Amino acid sequence: DQQVKQNSPSLSVQEGRISILNCDYTNSMFDYFLWYKKYPAEGPTFLISISSIKDKNEDGRFTVFLNKSAKHLSLHIVPSQPGDSAVYFCAARIQGAQKLVFGQGTRLTINP
Amino acid sequence: AAGVIQSPRHLIKEKRETATLKCYPIPRHDTVYWYQQGPGQDPQFLISFYEKMQSDKGSIPDRFSAQQFSDYHSELNMSSLELGDSALYFCASSAGGRGNQPQHFGDGTRLSIL
């Protein structure tokens, strides 16, 4: 039972354009959401997070949007840079718990 | 900035052997988490500790145990290893038990069972 789903295994975007990564979830008890970037042979690197009481959080080139009614969140990267090429994981935490539940990941490739 | 340190980076064991994985959290982080990532899969939560007490438990086999020490480092002990235990094991740390603090991950230990 995949509670956090990233339905796009891969995404290719031209350098300088906007990258939009999507994530859907099924558990309404999730109250905290995070995005991680992962390079090969490295651990996930924290990018940005959002609490369920907000609908938007912005940090530099990264913006996360949360639509609670649709149980959907997205990560916008603008402008996209070649160094953004990596696997991106969406993760969620159940209220009162500590564990993170991860999506399957989306491989983002930024083309020059 | 100091990150989460995991050792060893690679470990090769045979079936039925034991293994110990170590994790050193970011300074002043009091919570550690262990995750297992199989090939082509997303990370799966195993167990976490806050202030040296177990704080949450996931799909950790009975053959595995873990603890957090007084200096906040943690060790994952694995016994009677099976072929299916081959995976990447990540440790993460955060400041605070259940607040909205992100978990920061180490680079993992790759465990291979022959």
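Given the structure is predicted, the values throughout are model-derived calculations rather than measurements.

1. Thoughts on the state of the cysteines
- Counted under the stated rule, the structure contains 2 disulfides over all chains.
- Paired through a disulfide, A:C23 and A:C90 show a sulfur-sulfur distance of 2.1 Å. Torsion about the S-S bond of the A:C23 and A:C90 cystine: about -70 degrees, corresponding to left-handed handedness. In this pair, A:C23 sits in strand β3 (residues 19–25) while A:C90 sits in strand β9 (residues 86–94), placing the two residues 67 residues apart along the sequence.
- In this structure A:C23 comes out as buried when scored by relative accessible area, which is 0%.
- Between B:C23 and B:C91 runs a disulfide, and the two sulfur atoms are separated by 1.8 Å. One quick way to see it: the torsion about the S-S bond of B:C23 and B:C91 is about -60 degrees, and its sign makes the bridge left-handed. Here B:C23, found in strand β3 (residues 19–24), pairs with B:C91, found in strand β9 (residues 87–94); they are 68 residues apart in sequence, far enough to count as distant.
- Classification of B:C23 as buried rests on a relative accessible area of 0%.

2. Regarding the pairing of strand β11 (residues 109–113) of chain B
Residues and elements named next belong to chain B.
- Burial along β11 is one-sided: T109, L111 and I113 are buried, while R110 and S112, pointing the other way, are not.
- Both strand β2 (residues 10–13) and β11 contribute to a ladder of 4 bridges, which runs parallel. Residue pairing for β11: L11 is matched across the bridge by L111.
- Here β9 runs beside β11; their pairing, made up of 3 bridges, is antiparallel.

3. Digging into the packing of aromatic side chains
- Counting across every chain of the model gives 12 aromatic pairs over all chains.
- An angle of 40 degrees between the planes, with centres 4.8 Å apart, marks the rings of A:Y25 and A:F33 as tilted.
- The class for A:Y25 is buried, based on a relative accessible area of 7%.
- What makes A:F33 buried here is its relative accessible area of 1%.
- With a centroid separation of 6.2 Å and 85 degrees between ring planes, the pair formed by A:F89 and A:F102 is classed as edge-to-face. Of this pair, A:F89 sits in strand β9 while A:F102 is found in strand β10 (residues 100–102), placing the two residues 13 residues apart along the sequence.
- Overall, A:F89 belongs to the buried group, its relative accessible area being 4%.
- Connected via pairs of aromatic rings, a cluster forms that spans A:Y36, A:F46, A:F89, A:F102, B:Y35, B:F45, B:F90 and B:F105.

About the cut-offs
Residues numbered from 1 in each chain as written. Chains lettered and ligands numbered in written order. Predicted model: local features only at pLDDT ≥ 70, side-chain atom pairs only at ≥ 80, totals over all residues. Heavy atoms only, no water. Disulfide = S-S within 2.5 Å. Helix = DSSP H or I, 4+ residues; strand = E, 2+ residues; numbered from the N terminus. Buried < 20%, exposed > 50% of the residue type's maximum accessible area, 1.4 Å probe, protein only. Pairing = 2+ DSSP bridges. Phe/Tyr/Trp six-rings, centres within 6.5 Å; stacked < 30°, edge-to-face > 60°.

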